[in-house]
Amino acid sequence: MYGGDEVSAIVIDVGSYSCKAGYAGDDTPKAVFPSVVGSIEQTEGTDDSKPEKEGDSAPDSKNGAKPMDVDKAKTKRKLYVGQELEFRRDHMEVISPMKDGTVTDWDIVDNIWNHAFRRRLLINPEEHPMLIAEPSTNTAQQREKAAELMFENYKVPALFLAKNAVLTSFASGRATSLVVDSGGGSSVVSAVHDGFVLQKSVATSPVGGDFLTDCMMKSLESKGVVIRPRYSFKKLEISPGEYKIVDLDLPNTTESYRLYCMRAIASDIKESVCRVPDTAFDEVAYANVPTTSYELPDGQTIEVGADRFKIPDILFNPALSQTIPGVDGFSDSTSVRGLQRMVIDSVNRCDVDIRKELFSNILLSGGSSSILQLKERLEKEVLEESPQAARVKVMASGNSVERRFSVWIGGSILASLGSFQQMWFSKAEYEEHGVSYIQRKCP
Amino acid sequence: MANAASGVAVSEECVARFQELRAGRAHRFVVFKIDDSLQRVVVDAVGPRDAGFDALTASLPADGCRYAVYDHDFTVGGGGAQAQQQGEVVEAPRSKIVFVAWAPATADVRSKMVYASSCEGFKKALDGVQVDLQATEPSELTLDVLREHAA
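Residues numbered from 1 in each chain as written. Chains lettered and ligands numbered in written order. Predicted model: local features only at pLDDT ≥ 70, side-chain atom pairs only at ≥ 80, totals over all residues. Heavy atoms only, no water.

*Asks:* Which residues make up the packing of aromatic side chains, and what values do they have?
*Replies:* Residues and elements named next belong to chain A. Scanning the entire structure with this criterion turns up 19 aromatic pairs over all chains. A centroid spacing of 5.1 Å and a plane angle of 70° characterise the contact between Phe160 and Phe420, whose relative ring orientation is edge-to-face. Placement of Phe160 in strand E10 (residues 158–163) and of Phe420 in the loop between helix H13 (406–416) and strand E21 (425–426) is noted, with a sequence separation of 260 residues between them. Considering the side-chain rings of Tyr286 and Phe309, the 5.0 Å spacing of their centres and the 40° angle between planes classify their relative orientation as tilted. Of the two residues, Tyr286 is situated in the loop between helix H7 (255–273) and strand E17 (292–295) and Phe309 in helix H8 (residues 307–313); the sequence distance between them amounts to 23 residues. (Phe/Tyr/Trp six-rings, centres within 6.5 Å; stacked < 30°, edge-to-face > 60°. Helix = DSSP H or I, 4+ residues; strand = E, 2+ residues; numbered from the N terminus.)

*Asks:* Please set out the pattern of salt bridges residue by residue, giving values where relevant.
*Replies:* Residue and element names in this part refer to chain A. A full pass over the atoms with the stated rule returns 38 salt bridges over all chains. The partner of Glu84 in a salt bridge is Arg119, and the shortest N-O contact between them spans 3.2 Å. With Glu84 in the loop between strand E5 (77–80) and strand E6 (93–95) and Arg119 in helix H3 (residues 106–120), this pair connects stretches of sequence that are 35 residues apart. Look at Glu84 and you get buried, because its relative accessible area is 6%. Taking relative accessible area as the criterion, Arg119 reaches 24% and is therefore assigned partly exposed. (Salt bridge = Lys/Arg side-chain N within 4 Å of Asp/Glu carboxyl O. Buried < 20%, exposed > 50% of the residue type's maximum accessible area, 1.4 Å probe, protein only.)

*Asks:* Explain helix H6 (residues 209–222) of chain A to me, using residue names and the numbers behind them.
*Replies:* Residue and element names in this part refer to chain A. Between its first and last C-alpha, H6 extends 20 Å over 14 residues, near the 20 Å set by a 1.5 Å rise per residue. Burial analysis of H6 places ten of its 14 residues in the buried class, the great majority of the element. Taken together, the buried positions of H6 are Gly209, Phe211, Leu212, Thr213, Asp214, Cys215, Met216, Met217, Ser219 and Leu220. Structurally, H6 contributes buried residues whose contacts are with H7, strand E18 (301–304) and H8. In the segment just after H6, Gly224 is the residue with positive phi, at about 90°. (Expected span 1.5 Å × (residues − 1). Contact = heavy atoms within 4.5 Å.)

*Asks:* Tell me about the interface of chain B and chain A, and please be specific about residues and values.
*Replies:* On the side of chain A, 36 residues touch chain B, which itself brings 29 residues to the contact. Of the roughly 2600 Å² buried between chain B and chain A on both sides combined, carbon and sulfur atoms contribute 53%. Broken down residue by residue, the surface that chain B buries against chain A is led by Asn3(B), Met113(B) and Gln134(B), which jointly contribute 28%. For the interface between chain B and chain A, the tally reads four salt bridges. (Buried area = accessible area lost by both parts, 1.4 Å probe.)

*Asks:* Could you give an account of the packing of H6(A) against H7(A), with specific residues and numbers?
*Replies:* Residue and element names in this part refer to chain A. At their nearest, the axes of H6 and H7 sit 8 Å apart, and the two run at 95° to each other. Compared by their axis directions, H6 and H7 come out roughly perpendicular. Residues Gly209, Leu212, Thr213, Asp214, Met216, Met217, Leu220 and Glu221 of H6 form the contact with H7, whose own contacting residues are Leu259, Met262, Arg263, Ala266, Ser267, Ile269, Lys270 and Val273. Partitioned by chemical class, the residues of the contact of H6 with H7 number nine nonpolar, three polar and four charged. (Axes fitted to C-alpha atoms, helices over the stretch in contact; angles between N-to-C directions. Parallel < 35°, antiparallel > 145°, perpendicular 65-115°, else oblique. Nonpolar A, V, L, I, M, F, W, Y, C, P; charged D, E, K, R; others polar.)

Below is the structure:
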């Protein structure tokens, strides 16, 4: 038991797209930054790349992540987290700690946590209980790894691992629901019953916001649109109000950094113009839809037509992405299902007694749930494929902040409750029972 | 214990009133709430034996979460067409205790979170609930829905 409710707990949710961190009890996370990091291999001593912008040198020198890098002699790389990623650096690759929604590189996660605690929240993790939101797909080994890192490296006084889907379900007032979490790197459907994730019901797909962004980018490219990342040009004012774009030659920029910057633009285009079509996308029917204009950072204005509807429809029909030139096929295309299919499959893997309840409590969450008309379309599609007796109801919080941060908000409220203070997995328990005790304390 | 359970306690009065309803059939329903300090579940209202389902729904706030138990009386047999054909019109009275988790969409996210994360722990404290009902709007909490769940 951990009895320290006088210091506020920290809630952290590292998603595949962004990391959300903040103080328990707050309405929204204080720090939200990308979950990808910049990495420069430090193979030769002479290759210590000098930051080319003055602003960079200050954060570099007091980079809290540094000691960690020194420890990891085998990787020998310097990682740039958060805003440090906004500056282009020679030879800097952009890498992600996750693949398909689960952690594959703990060293990066460690750096992200460190950045969140020491640079953004400015706290000493040894003084604060930590509530970590974790994906439903996390394995027992991954949970133990997270707990071990927290207790050994950060010396936290207490820890709790809460499942994303459970937090979303609770934050909507439901102990039983079907959570459709469409995030950046993946979409996950999980049934929650009486506060437990039913593991056999969990369905995942690599089609999330990042994939849609890639499709948008490739589709624009195929139409001849050139997206210029902001770092690659200068704007010169040739006369008042009139600008000339001058391309910069930066040969040491990595392909992954170029892509990262282009994706940021494509993602904004997606968020600004896209809308889920009412029925399955049809190339012919949408050929003449009115276009919407969008101004790129370099000043050129593009017109987006059918893609406004086609891109989000990929959530329901992943095969549609294969009609876009340049989009990679799925490694195992048979397992990639549309959202509606995932919902039906997930419900069907649950006990017959609770299926009706699940169908009428479908909760939409995650960043991609903000796409217009997604809720309506999902409801319509599920209704068509579900048993007749089921009353299908899809819900999303009307508040876009609550929808995007539902997991973090749920964790924030939970960790701030006086009654919750007895639920933590404390340092003393960790020392007495070992790391595997996390499975008992946070089932 | 469910994942991410709140640890909210249950007052003895809750269990006592529930037992009076279950074993003594002294009440039709009991409404519970979590106290203002968010530490424990306490009794909010008790419905007399002659009260109906409408009285229960009327005692739930439109924009606040609550838990409730309701003693649902109904009959089985008799009504079925097949049974009538065979001349068996035997109506058997039955009753089931229904647990209601009321979390209207208009309630604030804090109270939704606290009620939902305390629900499993509270239900465990009440021994003898037979039917579960979670409702987020009045249309999900009607006598028809109740009958459907209890069937």
